[in-house]
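Fold and contact review
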Amino acid sequence: LKLCKYCLSGHPTLPCNVLKFKSTTIMLDCGLDMTSTLNFLPLPLVQRYELKECSGHVFVDSVPEFCLPETELIDLSTVDVILISNYHCMMALPYITEHTGFTGTVYATEPTVQIGRLLMEELVNFIERVPKAQSASLWKNKDIQRLLPSPLKDAVEVSTWRRCYTMQEVNSALSKIQLVGYSQKIELFGAVQVTPLSSGYALGSSNWIIQSHYEKVSYVSGSSLLTTHPQPMDQASLKNSDVLILTGLTQIPTANPDGMVGEFCSNLALTVRNGGNVLVPCYPSGVIYDLLECLYQYIDSAGLSNIPFYFISPVANSSLEFSQIFAEWLCHNKQTKVYLPEPPFPHAELIQTNKLKHYPSLHGDFSSDFRQPCVVFTGHPSLRFGDVVHFMELWGKSSLNTVIFTEPDFSYLEALAPYQPLAMKCIYCPIDTRLNFIQVSKLLKEVQPLHVVCPEQYTQPPPAQSHRMDLMVDCRGPRSSPCLSSVSPTETPVCFQLADALVPMEIKPGISLATVSAVLHTKDNKHVLQPPPRPAQPTGGKKRKRASDDIPDCKVLKPLLSGSIPVEQFVQTLEKHGFSDIKVEDTAKGHIVLLQEAETLIQIEEDSTHIICDNDEMLRVRLRDLVLKFLQKF
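These numbers come from a predicted model, not from an experiment.

**Some points on the side chain of threonine 406**
Of note, threonine 406 is situated in the loop between strand S18 (402–405) and helix H12 (412–416). A relative accessible area of 0% means that threonine 406 is categorised as buried. What threonine 406 contacts, discounting residues up to four positions off in sequence, is Phe264, Val280, Pro281, Leu291, Cys429, Pro430 and Ile431.

**Quick look at the nonpolar core**
Side chains of nonpolar character tend, in soluble globular proteins, to be buried together. One finds Met27, Phe377 and Met392 to be the most contacted residues of the largest nonpolar core, which totals 111 residues. Residue-level mapping places this core at the junction of two domains, with at least three residues from each of domain 1 (4–249 + 436–458) and domain 2 (257–428). Methionine 392 has contacts with Leu279, Leu383, Val403, Leu416, Tyr419, Leu422 and Met424, leaving out every residue within four places of it along the chain. Formed by 20 residues, the second largest nonpolar core is a distinct cluster that contains Leu188, Val192, Val194 and Val243.

**Structural notes on the sheet that holds strand S9 (residues 186–188)**
By way of backbone hydrogen bonds, the strands of a sheet pair with one another, either parallel or antiparallel. An order of S9-S10-S11-S12-S13-S20 is seen for the six strands of this open sheet, with the pairing classed as mixed. Each of the sheet's edge strands pairs with one partner strand only, and the pair in question is S9 and strand S20 (451–453). If you compare each strand with its neighbour and ignore which way they point, the axes differ by 20° on average. With four bridges joining them, strand S11 (residues 206–211) and strand S12 (residues 216–221) adopt antiparallel strand pairing. By the bridge assignment for S12, isoleucine 209 is matched with serine 218.

**Things to note about the environment of glutamine 572**
Locating glutamine 572 in the fold gives a position in helix H15 (residues 567–576). Assessed through its relative accessible area of 45%, glutamine 572 is described here as partly exposed. Between the C-alpha atoms of glutamine 572 and isoleucine 582, which are ten residues apart in sequence, the distance is 9.8 Å.

**Quick notes on the pattern of salt bridges**
Proximity of charged atoms lets side chains of opposite charge pair with each other. Enumeration according to the criterion identifies 13 salt bridges in this entry. The salt bridge partner of arginine 146 is aspartate 143, with a shortest N-O separation of 3.8 Å. With relative accessibility at 56%, the residue arginine 146 sits in the exposed group. Between aspartate 300 and lysine 355 there is a salt bridge, with its nearest N and O atoms 3.8 Å apart. You can see aspartate 300 sitting in the loop between helix H6 (287–298) and strand S15 (309–312) and its partner lysine 355 sitting in the loop between helix H9 (347–352) and strand S16 (356–359), a full 55 residues away along the chain. Here aspartate 300 falls in the exposed class, since its relative accessible area comes to 51%.

**Observations regarding the sheet that holds strand S8 (residues 177–180)**
One open sheet accounts for six strands, arranged S1-S2-S3-S6-S7-S8; its pairing is mixed. The open sheet has two edge strands, strand S1 (3–7) and S8, and neither has a second partner. On average, each strand axis in the sheet is tilted by 25° relative to the strand beside it, whichever way the strands run. Judged from the four bridges that link them, strand S7 (residues 105–109) and S8 form a sheet pairing that is parallel. When the bridges of S8 are listed, tyrosine 107 appears paired with glutamine 178. Contacting S7 and S8, helix H2 (residues 110–128) crosses the sheet at an angle of about 100° to S7.

**Observations concerning the packing of aromatic side chains**
A complete count under the given rule lists 20 aromatic pairs for this structure. Ring geometry for phenylalanine 366 against phenylalanine 370: centres 5.0 Å apart, planes inclined by 35°, an arrangement best described as tilted. Here phenylalanine 370 falls in the partly exposed class, since its relative accessible area comes to 24%. Through a chain of ring-to-ring contacts, three or more aromatic side chains come together here, namely Tyr310, Tyr359, Phe366, Phe370, Phe391 and Trp395.

**Describing the confidence of the model for the protein**
Per-residue pLDDT for the protein has a mean of 86; in total, 89% of the residues score no lower than 70. Put simply, helix H14 (residues 496–501) is where the protein has its lowest mean pLDDT, 67, and strand S6 (residues 81–83) is where it has its highest, 98. Counting interchain partners and residues more than four positions distant, the pLDDT-below-50 stretch residues 477–491 has 35 contacts.

**Considerations on the packing of helix H5 (residues 257–273) against H6**
Where H5 meets H6, the closest approach of the two axes is 11 Å, and the angle between their N-to-C directions is 55°. In this view, H5 runs oblique relative to H6, as classed from their interaxial angle. For the pair H5 and H6, the sense of crossing is right-handed. Between H5, through Val261, Phe264, Cys265, Ser266, Leu268 and Ala269, and H6, the contact on the second element is made entirely by Leu291, Cys294, Leu295 and Tyr298. Grouping the constituent residues of the contact of H5 with H6 by class yields nine nonpolar, one polar and no charged.

**Let's talk about H6**
Under the 1.5 Å per step criterion, the end-to-end length of H6 is 16 Å for twelve residues, consistent within 8% with the ideal 16 Å. Of the residues making up H6, those classed as buried are Val287, Ile288, Tyr289, Asp290, Leu291, Leu292, Glu293 and Leu295.

**Topic: unusual backbone geometry**
Here the amide bond leading from serine 150 into proline 151 is cis, since omega sits at 5°, within 30 degrees of zero. The residue proline 151 is located in the loop between helix H3 (142–145) and helix H4 (167–174) in this model. Residue histidine 380 follows glycine 379 across a cis peptide bond; omega there is 15°. Tracing the backbone shows histidine 380 in the loop between strand S17 (375–378) and helix H11 (388–395). Although it is not a glycine, asparagine 240 sits at a positive phi angle of roughly 65°. Structurally, asparagine 240 is set in the loop between S12 and strand S13 (243–247). By relative accessible area, asparagine 240 is classed as exposed at 56%.

Scoring rules and cut-offs
- Residues numbered from 1 in each chain as written.
- Predicted model: local features only at pLDDT ≥ 70, side-chain atom pairs only at ≥ 80, totals over all residues.
- Heavy atoms only, no water.
- Helix = DSSP H or I, 4+ residues; strand = E, 2+ residues; numbered from the N terminus.
- Buried < 20%, exposed > 50% of the residue type's maximum accessible area, 1.4 Å probe, protein only.
- Contact = heavy atoms within 4.5 Å.
- Core = buried A, V, L, I, M, F, W, Y, C linked by side-chain atoms within 4.5 Å.
- Domains from an automatic or database assignment.
- Pairing = 2+ DSSP bridges.
- Axes fitted to C-alpha atoms, helices over the stretch in contact; angles between N-to-C directions.
- Salt bridge = Lys/Arg side-chain N within 4 Å of Asp/Glu carboxyl O.
- Phe/Tyr/Trp six-rings, centres within 6.5 Å; stacked < 30°, edge-to-face > 60°.
- pLDDT = per-residue confidence, 0-100.
- Parallel < 35°, antiparallel > 145°, perpendicular 65-115°, else oblique.
- Left-handed = near helix turned anticlockwise from the far one by under 90°.
- Nonpolar A, V, L, I, M, F, W, Y, C, P; charged D, E, K, R; others polar.
- Expected span 1.5 Å × (residues − 1).

Given below as structure tokens:
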């Protein structure tokens, strides 16, 4: 199996990989690293200087910029297709489709495209609604950057950071996407077939199978085994993979999602009971659906019936509607509600009873409806742009109020840095339903790939918890080898009868081999080694034989040889058997033993031995028997 993989992103949960396989070049995801925005001041606070110190931190005083996938490592015009696993992993798509030589096709499920559009639209709206006073660039000069305090001086490849794209670029990028459904097989140039599978993480999120006639590669990115609102993960289809590419694991492996949801609800209730407001920085899709569902079940028992919940986003209405109409992409319990008919998510009832209200922005209806204490869900989780910035300034000076961080993508301490000193309480309840390391270990034992390829970060414990050997991918298993990018030929299954007849022989400590005579049986692209048929017993009468009655002869095989020939001992053996005038020469591949008196040459190499003599068959056989004494037969 010949396969080449390039990693264009240093962020394992925002992957961008390029796979070269069977004459096709496939990009796997194009995540956008937004943690670069933490180096910038929140947008409404932009002043007129390039850099500004705030509570001991230095920030760039400019419109935020984003860290793109590496675009110089590979010529993107050679990429044939892009496979998208979920809507969080497509945020860099407009940079690739509109500003590189890429002319291929993008494949994604319908919910991934529609919700991805919402995330991009919200991002563009947040950035463009604030006047662009200036764009700082002098600080990117390497001679200046190295003099700046951390983390600015440690930022990598800042010259490649880019401002946000436009809605025109978003629409153009999305027009290049071809919609696919789960288990749909897509042929790529007759060489490779790709198939999306449910990954269980988000609406429409996918793992991908990439296979040729004889090899199978699985791409597992952003997957979940927990029971939430999406369809459950399809594990069975990942079995028998030659290579499994693993990325997009949980960013907080020590945090239990159910426990975090419980803490979220209890801290929210405690704050509003004391007359304070709760701010939840969030994305407009994903975890917010589960949080609203938990609050729906919690509101009455916690005495929160009269507390208003506000969801503020330019795409709030569309997000809430999409979650109700993508029924076929939901888990079974929510699908059955659609046919009752009932709304699959309870936030529909929260909206009908006016307990949840949604608005496109702070202006307009929200200003007249707004009352406190309340709970506000709004973006952006980085706290650098969006309506969240207004609420941080409005509520930050009171210790009655609380900001609860549920999105794991950003360091909450770095997100809060420009707002310090801060009186409001800060609670960190990150909810990440993606696979943790224990779940990955069970998954690998279940699907048994021959090889696992994963980011280097996953092969060692986190730097802050170097003693936690359980916080890393354990690739040891019945068939899997260590997490290497090298791969080996495909294995062919052996039937039980044939396996039972094998007689292994130990050739080295811990290594045994066995010979096998078998018939390769191929059906439905599956290959199995079976015992050869037994010859038919001769019958007394003469009968005309049909062509189909012919059975291949099972010839007795010569023993296979294993081992190496120690030259010095071999020469001593030759001398004991009457050979003299022996000369040894070293070659690039081994040794040549010259029997000058007998005018014979013995060429010894790592994988072969040749005896060359002049028409003396008896001498050749005699020397062959001496060579065989040093080799093992099986």
